[in-house]
Amino acid sequence: MYTLIDTHCHITCDALYERIDEVIQNAKEHHVERMMIVCTGFKEYERAESLKQKEDMFDIALGFHPCDLYDFSEDDYLRLEQLLQEGKLAAVGEIGLDYHWKDVEKEDQKKGFVRQIQLAKKYDKPILIHMREATKDTLDILQEYAPHKGIFHCFSGSRETADIVLKMGFHIAYGGPLTFKNSRGAPEVCEQIPLDRLFVETDCPYLTPHPYRGKQNEPKYVEVTFDKMCEIKQVDKEILAKQMKQNYEALFGKK
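J.: Could you clarify how one ought to interpret helix α5 (residues 106-122) in this entry?
T.: Given 3.6 residues per turn, any residue in an α-helix points the same way as the ones three and four places further on. End to end, α5 covers 24 Å across 17 residues, agreeing with the expected 24 Å (1.5 Å per residue, within 8%). Looking at α5, one finds that the buried residues are Gln109, Gly112, Phe113, Val114, Gln116, Ile117, Leu119 and Ala120. On its buried face, α5 sits against α4 (74-85), β4 (91-98), β5 (127-132) and α6 (135-144). Two residues or fewer past α5, Asp124 is found with a positive phi of approximately 55°.

J.: Looking at this structure, I do not really get the packing of α5 against α6. What am I missing?
T.: Any two packed helices are characterised by the angle at which their axes cross and by the distance between the axes. Put simply, α5 and α6 touch, their axes get as near as 11 Å, and they point 35° apart. Seen along the crossing, α5 lies across α6 with a hand that is right-handed. Contacts from Lys110, Phe113, Val114 and Ile117 in α5 reach Asp137, Thr138, Ile141 and Leu142 in α6. Each residue belonging to the contact of α5 with α6 can be placed in one class, and the counts come to five nonpolar, one polar and two charged.

J.: What exactly am I supposed to notice about the layout of surface pockets here?
T.: The gaps of empty space that remain are located by a probe, the size of a water molecule, rolled over the atoms. Of the pockets and cavities examined, the largest pocket occupies roughly 920 Å³. Lining the largest pocket we find 33 residues, and of these His130, Arg132, Cys154, Asp203 and Leu207 sit closest to its centre. Those elements that provide at least two residues to the lining of the largest pocket are β4, β5 and α8 (186-192). No other element matches β5, which puts three residues into the lining of the largest pocket. The residue inventory of the lining of the largest pocket, partitioned by class, reads 14 nonpolar, eleven polar and eight charged.

J.: Just checking my understanding: could you explain the packing of helix α3 (residues 42-54) against α4 for this structure?
T.: Packing of α3 against α4 leaves a shortest axis separation of 12 Å and a crossing angle of 20°. With respect to their mutual orientation, α3 and α4 come out roughly parallel. The element α3 and its partner α4 pack so that their crossing is left-handed. Contacts between α3 and α4 involve Phe42, Tyr45 and Glu46 from the former and Asp76, Arg79, Leu80 and Leu83 from the latter. By residue class, the composition of the contact of α3 with α4 is four nonpolar, no polar and three charged.

J.: Before we go on, may I ask you to explain the packing of aromatic side chains in this structure?
T.: Two numbers describe a pair of aromatic rings. These are the distance of the centres and the angle of the planes. Considering all chains together, one arrives at ten aromatic pairs under this definition. Look at Phe64 and Phe72: their rings are 4.0 Å apart centre to centre, the planes differ by 15°, and that puts the pair in the stacked class. Taken together, Phe42, Phe64, Phe72 and Tyr77 form an aromatic cluster joined through their ring pairs. The cationic tip of Lys106 hangs over the ring face of Tyr99; the distance from NZ or CZ to the ring centre is 4.6 Å. The positively charged end of Arg115 is found above the aromatic ring belonging to Tyr77, 4.2 Å away from the centroid.

J.: Can you walk me through empty space enclosed by the protein in this structure?
T.: Here the structure, examined in full by the defined rule, presents one cavity of 30 Å³ or more. Every residue lining the largest cavity is listed: Thr3, Leu4, Ile5, Thr7, Phe199, Val200, Ala241, Met244 and Lys245. Looking at the lining of the largest cavity, the elements with two or more residues in it are β1 (4-9), β8 (198-200) and α10 (237-252). For the lining of the largest cavity, a count of residues per class yields six nonpolar, two polar and one charged.

Here is what the cut-offs are and how they apply
- Residues numbered from 1 in each chain as written.
- Predicted model: local features only at pLDDT ≥ 70, side-chain atom pairs only at ≥ 80, totals over all residues.
- Heavy atoms only, no water.
- Helix = DSSP H or I, 4+ residues; strand = E, 2+ residues; numbered from the N terminus.
- Expected span 1.5 Å × (residues − 1).
- Buried < 20%, exposed > 50% of the residue type's maximum accessible area, 1.4 Å probe, protein only.
- Contact = heavy atoms within 4.5 Å.
- Axes fitted to C-alpha atoms, helices over the stretch in contact; angles between N-to-C directions.
- Left-handed = near helix turned anticlockwise from the far one by under 90°.
- Nonpolar A, V, L, I, M, F, W, Y, C, P; charged D, E, K, R; others polar.
- 1 Å grid on protein atoms, 1.4 Å probe; cavity = no way out; pocket = protein on both sides within 12 Å on 5 of 7 lines; lining within 4 Å.
- Points joined across faces, edges and corners; volume = space filled by probe spheres on them.
- Parallel < 35°, antiparallel > 145°, perpendicular 65-115°, else oblique.
- Phe/Tyr/Trp six-rings, centres within 6.5 Å; stacked < 30°, edge-to-face > 60°.
- Lys NZ or Arg CZ within 6 Å of the ring centre and 35° of its normal.

Quick look at the structure:
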């Protein structure tokens, strides 16, 4: 029987953490063997560290989201680096650029993105990239600071963008929107992504896949997006699950 990895979940956010035991049990019952807990601040990180100490199925990423950068101080960047230095984090993220919301000025977003890329490179950690309505600036920054490694999470870009991302050596992850009836070109782009560069994720509690839209998303639903991906790629579930596990081990050094 195949097993799955949710490479991007926010299970330590308040909405999911209040029923965390149920969330974890549900995931296990739907073939999920590993989760990358993505933390947007230190309260979420501390919760994730507590979960990881109890069970070895969790990896932890921490980063300052582009829309939240004004919430973090110089001391917070120093604390992020300390955690990297201590080997507490599997990745830095999610980080990137988001021009949809106007909470943080574009130039400040770029500075925060670059600073966290530099930290990840210093400690040889992958980055988890958030890119919304900021394709050109995101790619320009990554090309300037290449080479590096990581995942474009919840990818919604074009075939042309995907080609650039792949040439730079990054991986691409799809979440619930891949299953949406109005997902436009996502299935066509996904069809072209090599299996050794693909991941599947939930981004829970957001972006619940069809036909469960309207419900709170959680890691168990990664199976729904995975099934859709297998259909798009016309590949056996065992084969794709095994390949994505190998991709994860190669990128994050996990066995």
